[in-house]
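If you want the building blocks of each chain, they are given just below.
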Amino acid sequence: MRFYIATGLSNAERAKTLAGVLTRNGHEFTYNWTEHGDIRSEGEDRMTEVAFSEVRAVRDAEMFIALLPGGCGTHTEIGIAIASRSNKRVILWSETGDEFTKPDRCCTFYFHPAVERICCPFEELISKLDADRIDTSLS
């Protein structure tokens, strides 16, 4: 299964950890933005290149996972995932659940019918996804 992980730069290590689990189980990253990290100081051409790569990767993924909280890019990617979903799983994870319950932290699109919201410790998310077959009963 092809996957994409979206999150803010502050969660890049968690994205790497989760990607390691998924790739170890035979799944394929569509694009690993954590390899280059923050490119905002690298100029317009580089940002354009990465923007196209990330849009294509989100669109081509069969499973999209957003580790919340996320920044502007994460929310843009959530929108792309919902709009291009076809048979794509769209999973939003929150450790505390604040993003799903506190008005000042939530986003309307977290409640789109295509979205699976998961609230649990990160280690539990890893355990749930650490299997050869990604089950549909995560929530």
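The coordinates are above.
This section reports on the structure supplied with the text. (Residues numbered from 1 in each chain as written. Predicted model: local features only at pLDDT ≥ 70, side-chain atom pairs only at ≥ 80, totals over all residues. Heavy atoms only, no water.)

Section: the environment of Ser10
Checked against the element boundaries, Ser10 lands in the loop between β1 (2-7) and α1 (12-24). When its relative accessible area of 70% is taken as the criterion, Ser10 is described as exposed. (Helix = DSSP H or I, 4+ residues; strand = E, 2+ residues; numbered from the N terminus. Buried < 20%, exposed > 50% of the residue type's maximum accessible area, 1.4 Å probe, protein only.)

Quick word on the packing of aromatic side chains
Tallied over the full model, the rule gives four aromatic pairs. On the numbers, 5.5 Å between centres and 70° between planes, the contact of Trp93 with Phe122 is edge-to-face. In this pair, Trp93 is assigned in strand β4 (residues 89-94) and Phe122 in helix α5 (residues 122-129), connecting sequence segments 29 residues apart. Each member of the pair Trp93 and Phe122 is classed as buried. On the numbers, 6.0 Å between centres and 85° between planes, the contact of Phe100 with Tyr110 is edge-to-face. Pair noted here: Phe100 is in helix α4 (residues 98-101) and Tyr110 is in the loop between α4 and β5 (115-119), with a separation of 10 residues, a long-range link. Residue classification places Tyr110 among the buried positions, given a relative accessible area of 2%. (Phe/Tyr/Trp six-rings, centres within 6.5 Å; stacked < 30°, edge-to-face > 60°.)

Remarks on unusual backbone geometry
In this model, Leu68 is joined to Pro69 through a cis peptide bond whose omega is 5°. Tracing the chain through its elements places Pro69 in the loop between β3 (63-67) and α3 (72-83).

Considering the packing of helix α2 (residues 44-60) against α3
Relative to each other, α2 and α3 sit at 40°, their axes nearing to 8 Å. Judged by the inter-axis angle, α2 sits oblique to α3. Considering only the axes of α2 and α3, their crossing is right-handed. Where α2 approaches α3, its residues Glu54, Val55, Val58 and Arg59 are matched on the opposing element by Glu77, Ile80 and Ala81. (Axes fitted to C-alpha atoms, helices over the stretch in contact; angles between N-to-C directions. Parallel < 35°, antiparallel > 145°, perpendicular 65-115°, else oblique. Left-handed = near helix turned anticlockwise from the far one by under 90°. Contact = heavy atoms within 4.5 Å.)

Concerning the pairing of β3
Of all five residues in β3, five are buried, a share of seventy percent or more. What you see with β3 is no split at all: Met63, Ile65 and Leu67 on one side and Phe64 and Ala66 on the other are buried throughout. Alignment of β1 against β3, held across five bridges, turns out to be parallel. Considered in β3, the bridge of Ile5 is made with Ile65. One ladder, built from five bridges, connects β3 with β4; its direction is parallel. When the bridges of β4 are listed, Leu67 appears paired with Trp93. This β-α-β element, β3 to α3 to β4, shows right-handed connectivity. (Pairing = 2+ DSSP bridges. Right-handed = clockwise from strand over helix to strand, strands pointing away.)

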